[in-house]
Amino acid sequence: YPLGRPIGTTIYPGMQILSVWIWQFLKLFPKKTVDMPGRDLIPANWLPMLPGHGQLSMGPMSVNDVCVMVPAWLASVATFSIFLLTWEVSESSGAAVCAALVMSIIPAHLMRSMTGEFDNECVAMAAFCTAFWLWCRSIRHSSSWPWALPAALAYASAVATWGGYIFVNNLIALHAAVLVGLGKYGTGLYRAYSIWYVLGSACATLVPVVGLMPIRSIEQMPSMAVFMGFQVLELCDLWRKRRPMSGLRFFFFRVSVFVTIGVVTCGVCWVLLQFNYFSPWSSRIRGLFLKHRKTGNPLVDSVAEHQAASEQAYDMYLSTPRYFAFAGLFFCWHQRTPAKIFPVLFAAVAYHFSLKMSRLIIICGPIVSILAGYPVGIMFDWCIEQCKRLVCGPLPSLPEEDVPKRTGGMGSIYRLVNKIVKPVTYTDELRSVEDVMGHIACRLPLLDRITRLALASLILSSAWREMQEPWEKFVSLCYQHADSLAGPGLAYEARLRNGQTIIVDDYYQGYKWIERNTPSDSRVLAWWDYGYQITGIAKRTSVADGNTWNHEHIATIGRILSNPVKKAHNIMRHLADYVLVWAGERETDLRISAHFARIGNSVFPDICGPADPTCSKYSAYPSPTPMMRASFVYNAVKHNLVDGVRLDPKLFKEVHTTKHGLMRIYQVLNVSNESKAWVADPANRICDAPGSWYCVGQYPPKLKKLISKRKNFSQLEDFNRQVEKSDYTRLVEKQQAESGRDADV
């Protein structure tokens, strides 16, 4: 408010659509509770660990309850998909079981899969894992390509759910490209990738917030480049079938074709660039590829989840399994499936991305679970096989798939290298050892089987002894995280000096007070962090919320909060009826207040001036600076708590302070009814076309002078517009260029 935000164009709707589908599906069943089969045979002390204490309930649920349960339900889907994916890439059922066990409790997955954690990532992780499994399944054999159809649909569901679908898009493209580099290209791979890309991209364009991004966004150009490269490879193969040629001649033919098409493509891209066809890198995506951690956008740099992950974060969310995952990398090379290289690429990309943005540790959860299952599961499978071997004898070896050898490509190069390297690596001594082992297995089978069984028993007993302590430590950590994540974000436990435990729910009660005691058309101004809570709990119009789609608008809020009280009121009276701050012992808004001025200054350079783009003169600690003392946010937090600090009663009226003082709510006096009526009038909204539903609001005319002072923020990555960069952006670039390390802002 007052611009408004047509929801369908600015969010990924998959989570909401899925929830409604589930809600409608459950309405088809009558309410019924039945005992789980065999419940009477289960020990009584085990029943509390079962869903519903051993009773299964089915029937209609409220939309709210469905939304609460969706994260846990989809976490189960993600866990099962990890089981299938691990089995596919490792060819080991034991590794799959171990991976699913870790995935079900690892904190990196719990952080977005607890009941009540209704966030995009909770559905996205299930879609990601399912898409990865189906993709790997589609390339198992040359005839497996039809599996690319459901893989594309799973990818489309990921697109509809979370902006992190870029990760899936590029990881699958990278895997396909690496397979070509490894000489694994064939008609099956061509069909699988082409179907996945075409169908997946077509479905992605149906998501309003995505639109034509698959063919315009620079972030998605790598997958398109791989697709185009596959078409060229297949065309070259078709040409060769019609006009047979030697391997060497075919090699040079393909090189000449790729060079020619590459030159033409570069020319076309250059022309399109002049017409601003390509969408620029977003600051969040660009930050993943920067050497430094600061993006040059003070709004993005202010969000904790967008900061680089620390060693403590990895230890907290990945814990012990990450060490097993590292060992698992050495077990990724003996499988027959072309998908065996996928976990290695997944690990490399996920680790790089999480290093740049701590929020993306969530995508490390699946791959750490997969790789952690490798050493345990594969070794366990081998040990079990030795037990079966004692009774049944050795298992027959699987026949190699008869794949025709391709010439004139990477396969020819690898075969040539193998001829040169194999005699050096596979020496006569190794061949002799292998022959002796084969001789013993044939001539003395009982001795061979007993020896193998003894070795397997030794491995199992040693592993059991050594793994108990780290496993118990990991499980204990997971329980601790589960307990902390299960609590609501707006309430927490606290202990009084007398030892009594209380629930501090000031924030929730503050929002409910607004709902009960303010007119339904009230507009509430606060920092954008609290916007969704104002809308969802207080049920009032919020001036800004957590969708940071409009940098300039949030910068305007920053200016209001950091302005002196009188200047803040002059703006606020045209936008809001109430204003709230988070205060109390935590002084939340004071601790983050430097961001108010810094973000505001990136659009209104007069707040701190061009010489101080980081707003160092605006600070609350260790003691408030003069600029801070004069600001609205300082006076609102410290109102009547510090001598001489008091909001002007002619401008603001304190209407509510919560029990423990964590939230303070003020009524804005002398509100401009003229501005309020003007903004509410539908005639003053701007539609993108006559009769369209896409109609955004405008700032009231009384703020025209203020809005005219705004300098539109130019992103570091926005090469489509020749706009002067902000002082903050120039400072970040200068410090990074001079020091060769991250800017110190």
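On a predicted model such as this, the values are computed, not experimentally measured, just so you know.

The rules behind the values
Residues numbered from 1 in each chain as written. Predicted model: local features only at pLDDT ≥ 70, side-chain atom pairs only at ≥ 80, totals over all residues. Heavy atoms only, no water. Helix = DSSP H or I, 4+ residues; strand = E, 2+ residues; numbered from the N terminus. Buried < 20%, exposed > 50% of the residue type's maximum accessible area, 1.4 Å probe, protein only. Areas by Shrake-Rupley, 256 points an atom, 1.4 Å probe, with all protein chains shown as cover. Salt bridge = Lys/Arg side-chain N within 4 Å of Asp/Glu carboxyl O. Core = buried A, V, L, I, M, F, W, Y, C linked by side-chain atoms within 4.5 Å. Contact = heavy atoms within 4.5 Å. Disulfide = S-S within 2.5 Å. Pairing = 2+ DSSP bridges. Expected span 1.5 Å × (residues − 1). Axes fitted to C-alpha atoms, helices over the stretch in contact; angles between N-to-C directions. Parallel < 35°, antiparallel > 145°, perpendicular 65-115°, else oblique. Nonpolar A, V, L, I, M, F, W, Y, C, P; charged D, E, K, R; others polar. Phe/Tyr/Trp six-rings, centres within 6.5 Å; stacked < 30°, edge-to-face > 60°. Lys NZ or Arg CZ within 6 Å of the ring centre and 35° of its normal.

Caption draft 1: Representation of the overall build of the protein chain within the structure. For the protein chain, the helix and strand inventory stands at 31 helices and 11 strands. By the burial criterion, 47% of the 745 residues in the protein chain qualify as buried. Working note: accessible area of the protein chain is about 38,100 Å², and carbon and sulfur atoms make up 62% of it.

Caption draft 2: A look at the pattern of salt bridges. Applying the stated criterion across every chain yields a total of 14 salt bridges. A salt bridge links Arg 112 to Glu 121; the nearest nitrogen and oxygen atoms lie 3.7 Å apart. An identical accessibility class is assigned to Arg 112 and Glu 121; each is buried. With its nearest N and O atoms 2.3 Å apart, the salt bridge here joins Glu 587 to Lys 638. Within this pair, whereas Glu 587 is found in the loop between strand S7 (578-582) and helix H25 (588-591), its partner Lys 638 is found in helix H28 (residues 632-638), the two being separated by 51 residues in sequence. We note that Glu 587, like Lys 638, is buried. Each of Arg 112, Asp 119, Glu 121 and Arg 359 takes part in salt bridges that share partners, so that together they form one network.

Caption draft 3: The nonpolar core, seen in detail. In this structure, Phe 128, Phe 132, Trp 135, Phe 167, Tyr 193 and Trp 196 are the most contacted members of the largest nonpolar core, which totals 103 residues. For this core, the element with the most residues is helix H5 (residues 120-138), which contributes 14 residues. Setting aside residues up to four positions removed in sequence, Phe 132 forms contacts with Leu 85, Phe 167, Val 168, Leu 171, Ile 172, Phe 342 and Phe 346. Core analysis: the next-biggest nonpolar cluster, separate from the first, contains 69 residues, Ile 537, Met 663, Val 668 and Leu 703 among them.

Caption draft 4: Structural context of the environment of Ala 126. Of note, Ala 126 is situated in helix H5. In sequence terms Ala 126 and Phe 80 are 46 residues apart; their C-alpha atoms lie 9.0 Å from each other. Ignoring sequence-local partners within four residues, the contact set of Ala 126 consists of Leu 74, Val 77, Ala 78 and Ser 81.

Caption draft 5: Structural detail: the state of the cysteines. A complete count under the given rule lists two disulfides for this structure. A sulfur-sulfur distance of 2.1 Å marks the disulfide that ties Cys 608 to Cys 615. Note on the Cys 608 and Cys 615 pair: the S-S dihedral is about 110°, so by sign convention the disulfide is right-handed. The pair Cys 608 / Cys 615 is uniform in exposure class, with both members buried.

Caption draft 6: Region of the structure containing the sheet that holds strand S6 (residues 541-542). On the basis of which strands lie adjacent, the open sheet formed by five strands has the order S6-S5-S7-S9-S8 and mixed pairing. The sheet is open, and its two edges are formed by S6 and strand S8 (652-657), each paired on a single side. When S7 meets strand S9 (residues 663-668), the two strands line up antiparallel, connected through five bridges. Of the residues in S9, the one forming a bridge with Tyr 578 is Gln 667.

Caption draft 7: Quick look at unusual backbone geometry. Here the residue pair Tyr 1 and Pro 2 is connected by a cis peptide bond, since its omega of 10° sits within 30 degrees of zero. In this fold, Pro 2 is placed in the segment before helix H1 (14-26). That bond from Tyr 621 to Pro 622 is cis: its omega, 0°, falls within 30 degrees of zero. Here Pro 622 shows up in the loop between helix H26 (593-601) and helix H27 (626-630). Located in the positive-phi region is Lys 539, a residue other than glycine, with phi close to 60°.

Caption draft 8: Examining helix H6 (residues 148-159) more closely. A rise of 1.5 Å per residue sets the reference length of H6, with its 12 residues, at 16 Å; its end C-alpha atoms lie 16 Å apart and thus fit the reference within 8%. Among all positions in H6, only Ala 148, Ala 151, Ala 152, Ala 154, Tyr 155, Ala 156, Ala 158 and Val 159 are buried. Close packing links the buried residues of H6 with H5, helix H7 (165-181) and helix H8 (187-204).

Caption draft 9: Quick peek at the packing of H6 against H7. In contact at an axis separation of 8 Å, H6 and H7 are set at 150° when each is read in the N-to-C sense. Looking at the two axes, H6 sits roughly antiparallel to H7. Contact residues: Tyr 155, Ala 158 and Val 159 in H6; Tyr 165, Val 168 and Asn 169 in H7. In the contact of H6 with H7, the residues fall into five nonpolar, one polar and no charged.

Caption draft 10: Inspection of the environment of Leu 651 at higher detail. Assignment of secondary structure puts Leu 651 in the loop between H28 and S8. The spacing of Leu 651 and Arg 573 is 78 residues in sequence and 9.1 Å in space, taken between C-alpha atoms. If sequence neighbours within four positions are ignored, Leu 651 has contacts with Val 565, Lys 566, His 569, Gln 667, Val 668 and Leu 669.

Caption draft 11: How the structure looks around the packing of aromatic side chains. Per the stated rule, a full pass over the model turns up 29 aromatic pairs. Considering the side-chain rings of Trp 135 and Trp 196, the 6.4 Å spacing of their centres and the 55° angle between planes classify their relative orientation as tilted. Remark: Trp 196 occurs in helix H8 and Trp 135 occurs in helix H5; sequence separation between them is 61 residues. No difference in accessibility class separates Trp 135 from Trp 196, as the two residues are buried. With centroids separated by 5.5 Å and ring planes inclined at 40°, the aromatic side chains of Tyr 193 and Trp 196 adopt a geometry described as tilted. Of the two residues, Tyr 193 and Trp 196 both sit in helix H8, three residues apart, roughly one turn of that helix. The residues Tyr 193 and Trp 196 share a single accessibility class, namely buried. Three or more aromatic residues link up through ring pairs in this structure, and these residues are Tyr 12, Trp 135, Tyr 155, Tyr 165, Tyr 185, Tyr 193, Trp 196, Tyr 197, Phe 227 and Phe 230. For the cation-ring pair, Arg 559 lies above Phe 604, with the distance from its terminal atom to the ring centre recorded as 4.8 Å.

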